[in-house]
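Examining the three-dimensional arrangement
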Amino acid sequence: MNAAGEGRAKRIALIPTQAQVQASSGQVPGAGARPVGPPAGQVLTTGVGLEIPTALSFDDWERAGRQLARLVDSSCWWLGDWLVYGKAHYADRYQRGICAAGLQYQTLRNYAWVSRRFDLARRRAKLSFQHHAEVASLPQGEQDVWLERAEHEMWSTKQLRNAIRDERADIAPPKAKKAVAVRRLEVPDNRVQRWRQAAEQSGIDLENWVMATLDREAGAALAELEGVPALSA
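In this report, the structure presented in the accompanying data block is examined. A quick note: this is a predicted structure, and the numbers were derived from the prediction, not measured.

1. Some details on the overall build of the protein chain
Each helix and strand in the protein chain was counted, giving 11 helices and 3 strands. Starting at the N terminus and walking to the C terminus, you meet the elements of the protein chain as α-β-α-β-β-α-α-α-α-α-α-α-α-α. Out of the 233 residues in the protein chain, the part that is buried amounts to 29%. Pairs at least 24 residues apart make up 58% of the contacts formed inside the protein chain by residues separated by at least 6 positions. Carbon and sulfur atoms make up 57% of the accessible area of the protein chain, which totals about 15,900 Å².

Take a look at the structure:
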C-alpha cells in the first residue's frame, strides 16, 4: 500500500453528527444500541484529509468546523507543553525529539514560550492560543487583565492586539515616544521580511514578536553568563 493509501486507511470517527449526539444522550430510540459498521453521515478524519459524506447537513458541517478549529487551537498548547516537558527531562535527546515531530524548530519554540508563560490553571478555554500569545510578553498581572477583557468583550485576536496598542499609545509620555522614535536600527529588507513571516506564523504582530524574541534571547544569554540554565526552548 502506498503512503496515500496508508493515510486513508487510518480513519477515525472524530466528528459526531446531530443524530449521534442525540443518540448518545438518549434523545432518540435505540440510543443504547451499538451500531454495526461506520455510522451513516459520519465525518471521518484520515492522515491526508477528511472523508465527508455527500449528504451532510449544514448543522453537522458547521459542528465539524467548530470541532476542527478547537483541535487546531489545542494542538498549539499540546505541542508547547510537550516541548517544555522534553526540554526539562530529555535535554540530551531534545533535538532528536523535535526532528521526529516533523515541525520547524522556531514554530515549536514559540509554542513552548507561550506555554511556559501560562500554566494550565491560567489558560482560558474560551480564548484561543493566539489570544494568549498576544499578551505573553506582558507581566502576569497585565496578562490576566487583558485576557479577562478579551473574554468578556468576545474580542478577536486582532481586536485584542489593537486594544493593547491603543492603550499603550494613550499612556506613553511624549518623551518616551520621542526616545523610541530615535532608536532606530537599520535592517536589510530581506531580514525584515523573514521576521514578519515568523511573526505571522506565530500569530503575533511584528513589534511584539521582535520584542519577545529579543527578551527571550537576552534572558538566555544572561543566564548563560551567570551559569544558570536558560529557560528558552
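2. Observations regarding the side chain of His132
You can see His132 is positioned in helix 6 (residues 129-135). Residue His132 is classed as buried on the basis of its relative accessible area, which comes to 0%. Polar contacts involving the side chain of His132 include one to the main-chain carbonyl oxygen of Ser128, which spans 2.8 Å. Once you skip the residues sitting within four places of it in the chain, His132 turns out to touch Trp77, Val114, Phe118, Arg122, Arg123, Arg124, Leu127 and Leu147.

3. Focus: the pattern of salt bridges
Scanning all chains against the criterion turns up 10 salt bridges. With a shortest N-O distance of 3.6 Å, Arg165 and Asp166 are connected by a salt bridge. The class of Asp166 is partly exposed, set by a relative accessible area of 40%. By sharing partners, the salt bridges in this structure join Arg124, Glu148 and Glu151 into a single network.

4. Quick word on the nonpolar core
Formed by 29 residues in total, the largest nonpolar core has its most connected members in Val114, Phe118, Val135, Trp146 and Leu160. Of all the secondary-structure elements, those providing two or more residues to this core are helix 3 (58-89), helix 4 (94-101), helix 5 (105-117), helix 6, helix 7 (140-153), helix 8 (157-171), helix 10 (189-202) and helix 11 (206-225). The greatest single-element share of this core, amounting to 5 residues, is contributed by helix 5. When near neighbours in sequence (up to four residues on either side) are disregarded, Val114 contacts Trp77, Phe129, His132, Ala133 and Ala136.

Reading the values: rules and limits
Residues numbered from 1 in each chain as written. Predicted model: local features only at pLDDT ≥ 70, side-chain atom pairs only at ≥ 80, totals over all residues. Heavy atoms only, no water. Helix = DSSP H or I, 4+ residues; strand = E, 2+ residues; numbered from the N terminus. Buried < 20%, exposed > 50% of the residue type's maximum accessible area, 1.4 Å probe, protein only. Contact = heavy atoms within 4.5 Å. Areas by Shrake-Rupley, 256 points an atom, 1.4 Å probe, with all protein chains shown as cover. Polar contact = N/O pair within 3.5 Å; in protein donor to acceptor, adjacent residues only side chain to side chain. Salt bridge = Lys/Arg side-chain N within 4 Å of Asp/Glu carboxyl O. Core = buried A, V, L, I, M, F, W, Y, C linked by side-chain atoms within 4.5 Å.

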